[in-house]
Amino acid sequence: MKEIKNKWLELIIVLSAPLLSVIDVFIINVAIPTIKKGVHATDGEIQLVIAGYLLGYAAFLITGGRAGDHFGRKKVFFWGMFAFTVASCLCGLSQTALQLNVTRFFQGLSASFMVPQTIAFIQVLFTDTKERAKAFGLYGITLGTAAVIGQVLGGYLSDMHWFIEGWRLVFFINLPIGIITLWATHKYVTETAKHQNTKFDYTGILILTLALFSLIYPLIQGREAGWPLWSFGLLILSVLLFVFFIYNQKIKLSNNGNPLINVRLFKIKDFNIGLVAVLFHFMLHTAYLLLSAVYLQNGLGVSALDSGLYFIIPGILFIVSSVMASRLIVKLGKRVLQVGVVILLIAFYLQMTLWKPGINTWLIIGLMGTWGFGNGLVLPSLLNIALKNVPSQYAGAAAGIYSTFQQTASALGVSIIGGVFFYFSKEGWQMAYHFGIMCLLICVVMVGLMLQLLPGTKAVTEVTKEISEQNGKPETVDI
């Protein structure tokens, strides 16, 4: 009984990592207008406050997971949390947009080392299938709850006027949570087995990071600068770097090296389709939270605090539908997600046509609640759908690719859809929101199309055999 209590206590402690990392994405959305004034940032620079964090997060996720294998998950989790806490404080002390964006990148980087350990701890602590399902369910609920907490806190703290500017508290709030988590980790979390044979693909990390930067930076700053030649040059460079990255990974795999990703997983057609669905859904998910938070304040005249409070009801409905989806998906499969897609289409269309100055408060809450309920049917179950037909021995490597796609998609959503939104803001916030929602509708349609292409069930024995024969041994990376 004591052992059972201990492992659930350890889970609660390590869940602080995804909790803080998600809060730090969404707490910024509502606080964006006040942060922009506080550091005198341009629209492009303020987009980078979100995208820069996601860039650092995405580029080092797989490396973070492997670091846990090599050095021990408790040790990596502890120092990742320490670095995250320090970076958060540096964000709060920033005086310029450049300082804030640099520290946000390192905040995302540190998150990429602590968050993968949470998933790895679940795999180690909970060997029973039912217990593991409950643990992952708690993990999913934590992500949904964190998004709500982030939006509400962002609004509340932004409106506070203490001896320091309210927006700085958005970052400083991580300090007490980080200290408590570090103490609890040291006292209650046990170290896991180390795999000293784990190696790091340093060149792969460098190429991937440069490719992501070359893609995201010009999408944000290029628009603001009037699309100069350097922006197109960086976009072309990003394509070349991504191609070179895949080539580099294939060569290392064929030479029995230790590549950052196992590119043979892309031979699984359903996995590729699932990743495309993940790409479009997380683009629209992160972009919607940015667009709605900014439009509520700048377009509809809602205060930062009230703007944050508007996200409570959709957050609760998100959690409710997430729990429903986890139970229904066993019987109904992808149809649960397809229902969610239809609800999202309805919610976005109605918001595009009805969200105008003077709109009734309860109509805003109702439409946001509809979005939250539909999103809960889709987002938490995408991991299950994307990895469904991946051989079990490659689940860790596949999860790492999934997580990287997820964070990259979020950054692209802020960059591309956010860019469209801020571009049309010159013509008025209502027009900006209209075009932003149109982009979201396109993304929802693409998610629905990908779900339609996925079969309800499919045997992958032949694919498993092919990958295993080519690889020589199963992948053992835990992400």
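Within an unreviewed UniProt entry, the label attached to the protein chain reads Multidrug resistance protein Stp, and the organism entered is Chryseobacterium potabilaquae. Under Subcellular location (unreviewed entry), UniProt gives the following word-for-word description of the protein chain: "Membrane".

Our focus in this paragraph is the packing of aromatic side chains. The full count for this structure, using the stated rule, is 19 aromatic pairs. Ring geometry for F213 against Y217: centres 5.2 Å apart, planes inclined by 15 degrees, an arrangement best described as stacked. Placement of the pair is F213 and Y217 together in helix α9 (residues 202-224), with a separation of 4 residues, close to one helical turn. Site record: aromatic cluster; members linked through ring pairs are F78, W79 and F82. Directly above the ring of Y188 sits K187, whose terminal nitrogen or CZ lies 5.7 Å from the centroid.

This brings us to α9. Quick reminder: α-helices carry 3.6 residues per turn. Residues three or four places apart thus point the same way. Under the 1.5 Å per step criterion, the end-to-end length of α9 is 33 Å for 23 residues, consistent within 8% with the ideal 33 Å. The sharpest bend along α9 reaches about 30 degrees and sits at P218. One or two steps after α9, the chain reaches G226, where phi turns positive at roughly 85 degrees.

It is worth spelling out the confidence of the model for the protein chain at this point. A residue-level look at the protein chain finds 90% of positions with pLDDT of 70 or above and a mean pLDDT of 82. pLDDT under 50 marks residues 457-464. Its contacts with residues more than four places away, or in other chains, come to 7 contacts. Between residues 470-479, whose pLDDT stays under 50, and residues either more than four places distant or in other chains, the model counts 34 contacts.

Packing of helix α11 (residues 269-298) against helix α18 (residues 429-453) leaves a shortest axis separation of 9 Å and a crossing angle of 160 degrees. Looking at the two axes, α11 sits roughly antiparallel to α18. In this structure, α11 crosses over α18, and the sense of that crossing is left-handed. Grouping the constituent residues of the contact of α11 with α18 by class yields 21 nonpolar, 5 polar and no charged.

This paragraph deals with the nonpolar core. The nonpolar side chains of a soluble globular protein tend to be buried, and buried together. If you look at the biggest cluster of nonpolar residues, it comprises 145 residues, and the most contacted ones within it are I28, I35, Y288, L296, F348 and W355. By residue number, the principal contributor to this core is α11, which donates 18 residues. If near-sequence neighbours (up to four positions away) are discounted, F348 is found in contact with L284, Y288, W371, I437, L440, L441 and V444.

Quick look at the pattern of salt bridges now. Once their charged atoms are close, side chains differing in charge can pair, the charge on each being opposite to the other. Here the structure, examined in full by the defined rule, presents 4 salt bridges. R104 is the partner of D24 in a salt bridge, and the nearest nitrogen-oxygen pair spans 3.4 Å. Within this pair, whereas D24 is found in helix α2 (residues 16-38), its partner R104 is found in helix α5 (residues 97-125), the two being separated by 80 residues in sequence. The burial state of D24 is the same as that of R104; both residues are buried. The partner of D43 in a salt bridge is K36, with the nearest N and O atoms 2.5 Å apart.

Let us look at unusual backbone geometry. Across residues other than glycine, the phi torsion is negative in most instances, and most of the peptide bonds are trans. You will see that H40, though not glycine, has its phi angle at about 55 degrees, which is positive. Position of H40 among the secondary structure elements: in the loop between α2 and α3 (43-71). Classification of H40 as exposed rests on a relative accessible area of 69%. Positive phi, normally seen in glycine, also occurs at W227, with a value near 55 degrees. Position of W227 among the secondary structure elements: in the loop between α9 and α10 (229-254).

Looking now at helix α14 (residues 335-354). Helix length check: α14, at 20 residues, gives a terminal C-alpha distance of 29 Å against a target of 28 Å (1.5 Å per residue), a fit within 8%. By the burial criterion, the buried members of α14 are V336, L337, Q338, G340, V341, I343, L344, A347, F348, Q351 and M352.

Thresholds, definitions, all that
- Residues numbered from 1 in each chain as written.
- Predicted model: local features only at pLDDT ≥ 70, side-chain atom pairs only at ≥ 80, totals over all residues.
- Heavy atoms only, no water.
- UniProt positions renumbered as here; feature names shortened; annotations may be inferred.
- Phe/Tyr/Trp six-rings, centres within 6.5 Å; stacked < 30°, edge-to-face > 60°.
- Helix = DSSP H or I, 4+ residues; strand = E, 2+ residues; numbered from the N terminus.
- Lys NZ or Arg CZ within 6 Å of the ring centre and 35° of its normal.
- Expected span 1.5 Å × (residues − 1).
- Bend = angle between axes of the 7 residues up to and from the residue.
- pLDDT = per-residue confidence, 0-100.
- Contact = heavy atoms within 4.5 Å.
- Axes fitted to C-alpha atoms, helices over the stretch in contact; angles between N-to-C directions.
- Parallel < 35°, antiparallel > 145°, perpendicular 65-115°, else oblique.
- Left-handed = near helix turned anticlockwise from the far one by under 90°.
- Nonpolar A, V, L, I, M, F, W, Y, C, P; charged D, E, K, R; others polar.
- Core = buried A, V, L, I, M, F, W, Y, C linked by side-chain atoms within 4.5 Å.
- Buried < 20%, exposed > 50% of the residue type's maximum accessible area, 1.4 Å probe, protein only.
- Salt bridge = Lys/Arg side-chain N within 4 Å of Asp/Glu carboxyl O.

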